[in-house]
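# Structural overview for review
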Amino acid sequence: MQDRSIHPNTRIMLEAWKRMRVDPVANEDRTPRANDHPDLIANIFMIEATDDGAWIFRTAGDGVSDLLGRSLPNHDFLNLWTGPDRAMIGGFLEAVRTDGAPGVIRGRGETLTGQRVEVEITTMPLAQAGMPNSTTRFLGLYQTLGGVPKLKGRPIWRHRVAMLVPPDSQPAEPTLKLVANNYH
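Residues numbered from 1 in each chain as written. Predicted model: local features only at pLDDT ≥ 70, side-chain atom pairs only at ≥ 80, totals over all residues. Heavy atoms only, no water.

### Concerning the pairing of strand S4 (residues 116-125)
Counting buried residues along S4, 8 of its 10 residues qualify, which places the element largely inside the surrounding structure. Bridge count for strand S3 (residues 103-110) against S4 is 8 bridges, and the pairing is antiparallel. Bridge pairing links Arg108 to Glu118 in S4. Once S3 ends, the chain turns through 5 residues before running back antiparallel as S4, passing Gly114 with a positive phi of about 95°. Bridge analysis of S4 against strand S5 (residues 137-144) gives 7 bridges, and the strand direction is antiparallel. (Buried < 20%, exposed > 50% of the residue type's maximum accessible area, 1.4 Å probe, protein only. Helix = DSSP H or I, 4+ residues; strand = E, 2+ residues; numbered from the N terminus. Pairing = 2+ DSSP bridges.)

Here it is in structure tokens:
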């Protein structure tokens, strides 16, 4: 993911995700700690794919629940969108799952009375031990990009997609290098 316009908190989460994917034990001391970024913890959530095509919230931080005005566990993440936006998000989540790499959703959240705020939602697939290529759980980061006072304390009820930054499906460079020595 090369988009330079993503939020700094998103960069922190993506870098931690990359380090944990490479070697979780070796990078344990470099992984962000909750006390280093308290604003992140409240905005983290986890979703899980179900056999019927839903993406159910398994957990959500207080910041996400407060912004959306409800407790999120057992609600479908796709229900945050309607119409064509819902279909785009469904396809986007499948791309994240298939590529096994993070993606970012940019859009706006709207209250029932029309107040709007820009939002950025990052989804990162979580590897499951013993189950390669079958990721069904994503770690997510939901954050506003300013403007929360515009909401006047009202919860975000619907979302609109402005931009999708899909996973970078470019294959990683090979780590094996061949060296030929013709010296006899």
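### Observations concerning the packing of aromatic side chains
The relative placement of two aromatic rings is captured by the distance of their centres and the angle of their planes. Counted under the stated rule, the structure contains 5 aromatic pairs. Relative to Phe138, the ring of Trp55 lies with its centre 4.7 Å away and its plane at 35°, an arrangement referred to as tilted. Residue Trp55 is located in strand S2 (residues 55-60), and its partner Phe138 is located in strand S5; the two are separated by 83 residues in the primary sequence. Chaining the aromatic ring pairs together yields one cluster made of Phe45, Phe57, Phe77 and Trp81. (Phe/Tyr/Trp six-rings, centres within 6.5 Å; stacked < 30°, edge-to-face > 60°.)

### Considering the pattern of salt bridges
All chains considered together, the criterion is met by 8 salt bridges. Linking Arg106 and Glu120 is a salt bridge whose minimum nitrogen-to-oxygen distance equals 2.7 Å. Residue Arg106 is found in strand S3, and its partner Glu120 is found in strand S4; the two are separated by 14 residues along the sequence. Salt-bridge contacts for Arg116 lead to Glu110; the nearest nitrogen and oxygen are separated by 3.5 Å. The class of Arg116 is partly exposed, set by a relative accessible area of 46%. Of the residues examined, Glu110 reaches a relative accessible area of 7% and is grouped as buried. (Salt bridge = Lys/Arg side-chain N within 4 Å of Asp/Glu carboxyl O.)

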